[in-house]
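# Remarks on the overall topology
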Amino acid sequence: AVALIKANREKLGAWNLKVVSGRAPEALIALPAPDRAFIGGSQGNLAKILKLLIEKNPMIRVVINAITLETLTEAIDCFRGLGFDDMEIVQITAARAKECGKYHMMTGQNPVFIISGQKGAGR
């Protein structure tokens, strides 16, 4: 994953993107406090990651991508349990064209859930 991020950074010229290798939440400890965080895979550490982010910035905005219903449910539960405000859930889907003779048929891909919330927005 790190190699892919570095390749995309080079391809897109995103030189302001700093790639930090490691597993969260441990890899986040030495980093400065973020104002925004994007989480796309937590390997069962979502609550710990969110708690650390809140410790670093009690007003943080977080966006989580999920493809499973279990991760969606976990994200909702964590946001509620940790007092996030303005929670929004969006589902997006995509389809790929597949040739069927002289026609093209769209084949649906897995939906993606985007869950976002702001800590401390309701204060």
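Before reading on, note that the structure itself is shown above.
The numbering scheme is per chain: residues are counted from 1 as the chain's sequence reads. Under the rules for a predicted model, residues below a pLDDT of 70 receive no local features and side-chain atom pairs below 80 are neither given nor counted, while totals for whole chains, interfaces and linings still include all residues. Here the side-chain values reflect all heavy atoms present in the structure, with hydrogen atoms and water set aside.

## Some words on the packing of aromatic side chains
Any pair of aromatic rings gets described here by the distance separating the centres and the angle formed by the planes. What counts, and what does not: Pairing of aromatic side chains requires ring centres within 6.5 Å, counting the rings of Phe and Tyr and the six-membered ring of Trp. Pairs whose planes differ by under 30 degrees are stacked, by over 60 edge-to-face, and all others tilted. A simple rule labels every residue: compare its accessible area, found with a 1.4 Å probe on the protein chains alone, to the largest value its type can have, and call it buried under 20%, exposed over 50%, or partly exposed in between.
Enumeration according to the criterion identifies 1 aromatic pair in this entry. Taking 4.4 Å as the distance between ring centres and 20° as the angle between the ring planes, the aromatic pair formed by Phe79 and Phe84 counts as stacked. Here Phe79 falls in the buried class, since its relative accessible area comes to 1%.

## Side note on the environment of Lys18
This is how it is decided: Secondary structure elements follow DSSP: runs of H or I no shorter than four residues count as helices, runs of E no shorter than two count as strands, and numbering proceeds from the N terminus.
Within the fold, Lys18 resides in the loop between helix H1 (2–12) and strand E1 (36–39). Put simply, Lys18 and Asp86 are 68 residues apart on the chain and 29 Å apart in space, counted from C-alpha to C-alpha.

## Things to note about the sheet that holds strand E2 (residues 61–66)
As a reminder, the rule being used: Here, strands pair whenever DSSP counts at least two bridges between them. Convention adopted: a line fitted to C-alpha atoms gives each axis, helices being fitted over their contacting stretch, and angles between N-to-C directions are expressed from 0 to 180 degrees. The criterion used for residue contact is that any of the two residues' heavy atoms lie within 4.5 Å.
Reading across from one edge, E1-E2-E6-E3 is the order of the 4 strands in this open sheet, with mixed pairing throughout. Looking at strand neighbours, the two that pair on one side only are E1 and strand E3 (84–92), the edges of this open sheet. Geometrically, the sheet is characterised by an average inter-axis angle of 15° between neighbouring strands, direction not taken into account. Packing against the sheet, helix H3 (residues 69–81) makes contact with E2, E3 and strand E6 (112–119), and its axis sits at approximately 10° to E6.

## A closer look at unusual backbone geometry
The omega torsion of the bond from Ala24 to Pro25 falls at 10°, within 30 degrees of zero and hence cis. Here Pro25 lies in the loop between H1 and E1. Even without being a glycine, Gln43 presents a positive backbone phi close to 50°. Tracing the backbone through its elements, the reader meets Gln43 in the loop between E1 and helix H2 (46–56). Its identity as a non-glycine residue notwithstanding, Asp86 has a phi of 50°, on the positive side. For Asp86, a relative accessible area of 54% corresponds to the exposed category.

## Some thoughts on the side chain of Lys119
Test applied: Pairs of N or O atoms are called polar contacts if they sit within 3.5 Å, as long as, within protein, a hydrogen donor faces a hydrogen acceptor (for residues adjacent in sequence, only side-chain-to-side-chain pairs).
By the secondary structure assignment, Lys119 is in strand E6. In this structure the side chain of Lys119 is engaged in a polar contact, spanning 2.5 Å, whose partner is the backbone oxygen of Leu82. Ignoring sequence-local partners within four residues, the contact set of Lys119 consists of Ile54, Pro58, Met59, Ile60, Leu82, Gly83 and Phe84.

## Examining the pairing of E1
The cut-off we apply is this: Here, the term right-handed applies to a crossover whose path from the first strand over the helix to the second runs clockwise when the strands point away from the viewer.
Only one face of E1 is buried, namely the one carrying Ala37 and Ile39, since none of Arg36 and Phe38 on the opposite face is buried. The sheet contact formed by E1 and E2 spans 4 bridges and is parallel. Bridge pairing links Ile39 to Ile64 in E2. You can see the chain leave E1, run along H2 and come back into E2, and the turn it takes is right-handed.

## Describing the packing of H2 against H3
Test applied: Handedness of each helix crossing follows the sense of rotation of the near helix against the far helix: counterclockwise by less than a right angle gives left-handed, clockwise gives right-handed. By the convention adopted, Pro, Cys, Tyr, Trp, Phe, Met, Ile, Leu, Val and Ala count as nonpolar, Lys, Arg, Asp and Glu as charged, and the other residues, Gly among them, as polar.
Where H2 contacts H3, the two axes come as close as 10 Å, and the packing angle between them is 35°. For the pair H2 and H3, the sense of crossing is right-handed. Where H2 approaches H3, its residues Leu46, Ala47 and Leu50 are matched on the opposing element by Glu74, Ala75, Cys78 and Phe79. For the contact of H2 with H3, the per-class residue count stands at 6 nonpolar, no polar and 1 charged.

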